[in-house]
Every structure is written in structure tokens, then in C-alpha cells.
Amino acid sequence: MTPPSVLPPYAELLGISLIPRDGAAPTLLLPFRDAVLGRPGFLHGGAIAGLLEVAAIVSLRHALAEEGGGRIKPVNVTVDFMRGGRDKPTHAEGIVTRLGTRIANVEAVAWQDDRAKPIASARMNYLIVRE
């Protein structure tokens, strides 16, 4: 099992870092830089979707670690873009809404200045192989 605190290589490419929280899965931080630029002054949609997917993975790995671990495989990903991500840091958090024996449902949300005003959200389903 990969430890919950280790980010996948794509997260490192985007420059994502973890912000630890007591007892909960960490929040993610995506700094704005040229590598994540879409149209001038805005985040690329793929970078936002990648941030949401990594947030979901981190939260699911955290939840699985508490139950002895397991490997995950994405089954379905749906991303809703709500507003343009501007040229500032972006935060994201994953929330495991259901953790079954073989399937997990995870939601993720990304925001910039105010968590109550997300720029995007996602719903993901994962197949779990318990160890």
C-alpha cells in the first residue's frame, strides 16, 4: 500500500502540496504558475480536474489506511466547473462519502478565496482491492 501522504507523480508535476489536518485527510494546495496556465490569467481546466482527482485519491487513501489499506482504481470521474480559476493559489479537499468493501464514492471540491464559493467540484467512484 502507498502511504496516504505520498502524492502521485502527476501531483508533483502540477506542484501540489499537502496541508496536514489533525485526524483528517490533508487539504491540497495548487500554486498558480505558468505550468498550470490556461488562457491568460486563468488556471487550465485539466489542472483543476487533476487537483480534484488527487484530492479524492489522498482522502480515499487516508480512509483506507485506517482500515488496513488497499489498492484503488478509478471507475468514473465527473467534474463540474463552476467559475474560472484565477491567477492565485487554489485549495482542494476530498470527502469519502461511502467506503464499502469493494467500491468507494468520493467527492472533491476546489476553491480559491472562499471555500463556500468553489471553482469546481467532482464525484468519483473507485474500485477497491483490499489487502
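Further up the page is the structure itself.
Note that the coordinates shown come from a computational prediction; the quantities given were computed from them, not determined experimentally.

## Let's talk about the packing of aromatic side chains
Item 1. A full pass over the atoms with the stated rule returns 0 aromatic pairs.
Item 2. Geometry around Phe42 places Arg39 over its ring, the cationic atom sitting 3.7 Å from the centre.

## Notes on the nonpolar core
Item 1. In this structure, Ile16, Leu28, Leu52 and Tyr126 are the most contacted members of the largest nonpolar core, which totals 30 residues.
Item 2. If you list the elements that add at least two residues to this core, you get α1 (9-14), β2 (24-30), α2 (45-65), β5 (103-111) and β6 (120-130).
Item 3. The element contributing the most residues to this core is α2, with 11 residues.
Item 4. Non-local contacts of Ile16, meaning those with residues more than four positions away in its chain, are made with Leu7, Ala11, Leu28, Leu29, Leu30, Leu51 and Val54.

## Section: the pairing of strand β1 (residues 17-21)
Item 1. In this sheet, β2 lies alongside β1 in antiparallel orientation, the contact comprising 4 bridges. Paired with Arg21 across the strands is Ala24, a residue of β2.
Item 2. Between β1 and β2, which follow one another and run antiparallel, lie 2 residues, and Gly23 among them has a positive phi close to 70°.

## Details of the pattern of salt bridges
Item 1. All told, the structure shown has 5 salt bridges when counted by the stated rule.
Item 2. Arg130 is paired through a salt bridge with Glu67; the nearest N and O atoms lie 2.9 Å apart. Here Glu67 lies in the loop between α2 and β3 (70-81) and Arg130 lies in strand β6, a separation of 63 residues in the sequence.
Item 3. Overall, Arg130 belongs to the partly exposed group, its relative accessible area being 29%.
Item 4. Between Asp80 and Arg123 there is a salt bridge whose closest N-O contact spans 2.8 Å. Of this pair, Asp80 sits in strand β3 while Arg123 sits in strand β6, placing them 43 residues apart in sequence.
Item 5. Through salt bridges with shared partners, a single network forms among Arg21, Glu93 and Arg115.

Definitions and cut-offs
- Residues numbered from 1 in each chain as written.
- Predicted model: local features only at pLDDT ≥ 70, side-chain atom pairs only at ≥ 80, totals over all residues.
- Heavy atoms only, no water.
- Phe/Tyr/Trp six-rings, centres within 6.5 Å; stacked < 30°, edge-to-face > 60°.
- Lys NZ or Arg CZ within 6 Å of the ring centre and 35° of its normal.
- Core = buried A, V, L, I, M, F, W, Y, C linked by side-chain atoms within 4.5 Å.
- Buried < 20%, exposed > 50% of the residue type's maximum accessible area, 1.4 Å probe, protein only.
- Helix = DSSP H or I, 4+ residues; strand = E, 2+ residues; numbered from the N terminus.
- Contact = heavy atoms within 4.5 Å.
- Pairing = 2+ DSSP bridges.
- Salt bridge = Lys/Arg side-chain N within 4 Å of Asp/Glu carboxyl O.

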